[in-house]
Amino acid sequence: MPSSETLGEELERRGISRRTLLKFATAMATSLALPPSMSAAIAQGLAKTRRQSVIWLSFQECTGCLESLTRSESPDLETLIFYFISLDYQETLMAAAGTTAEDALFQAAADNKGDYLLVIDGSVPVADDGVYAMTGGRSDFDLLQKLSRDAKAILAIGTCAAYGGLPKAAPNPTGAVGIADVIGDKPIANIPGCPPIPEVLTGVLVNFLSFGRLPDLDEHGRPLAYFGTTIHDQCYRRPFYDQGKFAKSFDDDGARQGWCLFELGCKGPVTHNACASLKWGGGTSYPIQSGHGCLGCSEPDFWDKGGFYTSLSGGDAPPWRTAAGAGAAGLAIGAAAAWNARRVRSSVDRQVAQEWQEKKEGDA
Amino acid sequence: MADFMETSPSENGIVAALMGELGALLEKFLETGVRDSIDLHRIPLTDQDLLELEQQLGTGEITISFDALGESRITETAHAGLWRVEHRNPSGDLIAHLVEVGDVPSIVSAGRSEMRAAAAAMTNDHSSSGGPANA
């Protein structure tokens, strides 16, 4: 049920200190690529808001997104549920089933009409009147239309919900589409990835709680703070690309020395995501660090964009390889690449921070 | 461990880039008083890069630690005005890893509202007991 108590009041009642909230906000600010001054703004925003109702629907999906998201560490999803949100419906996590669960779903939607956040993982099959995904005699498409009507905003979690994903792969027998393909009158943030990075979801949730709106998005509806640069620009192997040092197979000397995986099909140069910086498993590693090229899973229709092991240049080395191949020039180029990557990242950070600052001043 | 970890940090230039950026932020703080920080979680650093960065930052005189739903540790670096800030969750996982630029890390200062509440409580204790409250 909606509560009139603010989160600040609730946290104080539970003995959560200002420093604890500020620490949490710091973790979120860094996750959202915001400067430290915004940590205080996030903490203030969280303190003033009320517990947010979240209704989570799973459509045509594999549950990999939820598996990933329950492993978020900064903050973990349990912390969010415990302190900041009311997860009113999530089929896999909730104890209720059958008609009891359905009643809970529609009761939560009625209680929080116009204010709930609708989170969706999985694509929507629209072929043949949506018969390829039914729950309780109702198609996913019908359920989406009904529940999106009174939602404050929608988060499309994973590449399937964002762009159709694997179910949409040719020949797309179910007519799978992304949420934004069928819902046009609501704010929608896409958080693609197969699976998505858990900290991105929690960061977007905290953004929404703190400032009452979705973060700034790129042309594919993705939060700019996380998808503003390519994997390539953030990759620790980037200097080797600029030096023309490429692994030719997964077990050659170049691979063992950590050289660039471009020629082995890495899609990092055209893939926007935060894997290279946030990484996975609490910052442990990401695919390229584990020796495999990026598959480009956060880009629309990545499954149908050619072979995972075919390089972006069609199998040839990048044209500037020879120019950068001289060993003597390599070190300087590597340093320049690192500077450039920092500059690109900083440029995105500044843009995001500026927009948040304007929002903060507008709220003041 | 993969062999790429054997790559010389100086070869990728990231640590040099970071130190240059930190120097620029320190100059900005001296000129404008505006705090800033670099989030090491957001930067693609290998273990060797981190090690080299730690070595270049060095260690200063002050270490501050506190427990706020997990341990936090703030260490002054050998460069005045640069602070190494590590926040952990209750499981001990690192959730924020910053180099903060400023005279004192912002989280250390006591909050105004909490100080007001403390002052009010102390005043009440003093008036109700007829003397200074016990610590």
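Remember, it's a predicted structure, so these values are computed and weren't measured experimentally. What you see as residue numbers is a count from 1 along each chain, following the sequence as written. Chain letters start at A and ligand numbers start at 1, both assigned in the order the entries are written. Thresholds applied to this predicted model are a pLDDT of at least 70 for local features of residues and 80 or more for the giving and counting of side-chain atom pairs; totals over whole chains, interfaces and linings are not thresholded and use all residues.

Caption draft 1: Representation of the overall build of chain A within the structure. In DSSP terms, a helix is any run of H or I states spanning at least four residues, a strand is any run of E spanning at least two, and both are numbered starting from the N terminus. Looking only at helices and strands, one finds 16 helices and nine strands in chain A. Each residue gets a C-beta atom placed from its backbone, and two residues are in contact if those atoms lie within 7 Å. A sequence separation of at least 24 residues applies to 74% of the contacts in chain A between residues at least 6 apart.

Caption draft 2: Inspection of unusual backbone geometry at higher detail. Residue and element names in this part refer to chain A. Each neighbour pair has its own omega, and for A170 with P171 the value is 10°, a cis peptide bond. By secondary structure assignment, the location of P171 is in the loop between α8 (158–163) and β8 (176–177). A cis amide bond links C194 to the next residue, P195, at an omega of 5°. As for its position among the elements, P195 is in the loop between β9 (188–191) and α10 (198–211). At T63, a position not held by glycine, the phi torsion is positive, near 75°. The residue T63 is located in the loop between β1 (52–58) and α4 (64–69) in this model. Put plainly, a residue is buried at 20 or more neighbouring C-beta atoms within 10 Å of its own, exposed at 12 or fewer, and partly exposed in between, counting only other residues' C-beta atoms, which are placed from the backbone. According to the C-beta neighbour criterion, T63 is partly exposed, with 13 such atoms within 10 Å.

Caption draft 3: Layout of the sheet that holds strand β3 (residues 116–121) of chain A. Residues and elements named next belong to chain A. DSSP-based pairing: two strands are paired if at least 2 bridges between them are found. Spatial ordering of the open sheet is given by β2-β1-β3-β7-β9, a layout of five strands whose pairing is parallel. Lying at the two open borders of the sheet, with one neighbouring strand each, are β2 (85–89) and β9. Strand-to-strand twist in this sheet, taken as the mean axis angle between neighbours without regard to direction, amounts to 25°. Here β1 pairs with β3 via five bridges, running parallel. Paired with W56 across the strands is V119, a residue of β3. Every angle, taken between N-to-C directions, lies between 0 and 180 degrees, and every axis is a line fitted to C-alpha atoms, over only the stretch in contact when it is a helix.

Caption draft 4: Highlighting the nonpolar core. Under the definition applied here, buried Ala, Val, Leu, Ile, Met, Phe, Trp, Tyr and Cys residues are grouped into a nonpolar core through C-beta atoms within 7 Å. Counting 109 residues, the largest nonpolar core has I55, I120 and A156 of chain A as its most contacted members. Setting aside residues no more than four positions away along its own chain, I120 of chain A makes contact with L57, F59, I154, A156, I157, A161 and I179 of chain A.

Caption draft 5: Molecular detail of helix α2 (residues 14–32) of chain B. Residues and elements named next belong to chain B. Working rule for helices: expected span equals 1.5 Å times residues minus one. When the terminal C-alpha atoms of α2 are compared, their 27 Å separation across 19 residues agrees well with the 27 Å that a helix rising 1.5 Å per residue should span. Among the residues of α2, those classed as buried are I14, V15, A17, L18, L22 and L25. The arc enclosing the buried residues of α2, seen along the axis, measures out at 150°, which places them on a common side. Exposed residues lying more than 90 degrees from the buried face of α2 are A24, E27, L30 and E31. Positioned one or two residues after α2, G33 has a phi angle of 80°, which is positive. The arc under discussion is defined with respect to the helix axis, by the directions toward the C-beta atoms.

Caption draft 6: Structural detail: the environment of D142 of chain A. Residues and elements named next belong to chain A. Mapped onto the fold, D142 is located in helix α7 (residues 140–148). Overall, D142 belongs to the partly exposed group, with 14 C-beta atoms counted inside 10 Å. Distance from D142 to C160, taken between C-alpha atoms, is 18 Å for residues 18 residues apart in sequence.

Caption draft 7: Geometry of the packing of α2 of chain B against helix α3 (residues 47–57) of chain B. All names here are of chain B. Closest axis-to-axis distance for the α2/α3 pair is 9 Å, and the angle between their directions is 40°. By the criterion of interaxial angle, the relationship of α2 to α3 is oblique. In this structure, α2 crosses over α3, and the sense of that crossing is right-handed. Listed contacts from α3 to I14, V15, L18 and M19 of α2 are D49, E52, L53 and Q56. Note on residue categories: nonpolar means Ala, Val, Leu, Ile, Met, Phe, Trp, Tyr, Cys or Pro, charged means Asp, Glu, Lys or Arg, and polar means any other residue, Gly included. For the contact of α2 with α3, the per-class residue count stands at five nonpolar, one polar and two charged. An angle below 35 degrees is read as roughly parallel, one above 145 as roughly antiparallel, one from 65 to 115 as roughly perpendicular, and any other as oblique. A clockwise turn of the near helix away from the far one marks a right-handed crossing, whereas an anticlockwise turn of less than a right angle marks a left-handed crossing.

Caption draft 8: Main features of the environment of Y83 of chain A. Residue and element names in this part refer to chain A. By the element assignment, Y83 lies in helix α5 (residues 77–84). For Y83, a count of 19 C-beta atoms within 10 Å corresponds to the partly exposed category. Once the C-alpha coordinates of Y83 and E67 are considered, the two residues, 16 residues apart in sequence, prove to be 21 Å apart.

Caption draft 9: Expanded view of the sheet that holds strand β5 (residues 94–101) of chain B. Taken together, the five strands give an open sheet; going across it, the order is β1-β5-β4-β3-β2 (chain B), and neighbouring strands pair in antiparallel fashion. For this open sheet the edge positions go to β1 (36–39) and β2 (63–67) of chain B, each flanked by a neighbour on one side alone. Adjacent strand axes in the sheet meet at a mean angle of 20° when their direction is disregarded. Inspection of the sheet shows strand β3 (residues 71–76) of chain B paired to strand β4 (residues 82–88) of chain B by five bridges, in the antiparallel sense. The residue of β4 of chain B that forms the bridge with E76 of chain B is W83 of chain B. The sheet contacts of helix α2 (residues 18–31) of chain A involve β1, β2, β3, β4 and β5 of chain B, and relative to β5 of chain B the element is tilted by about 85°.

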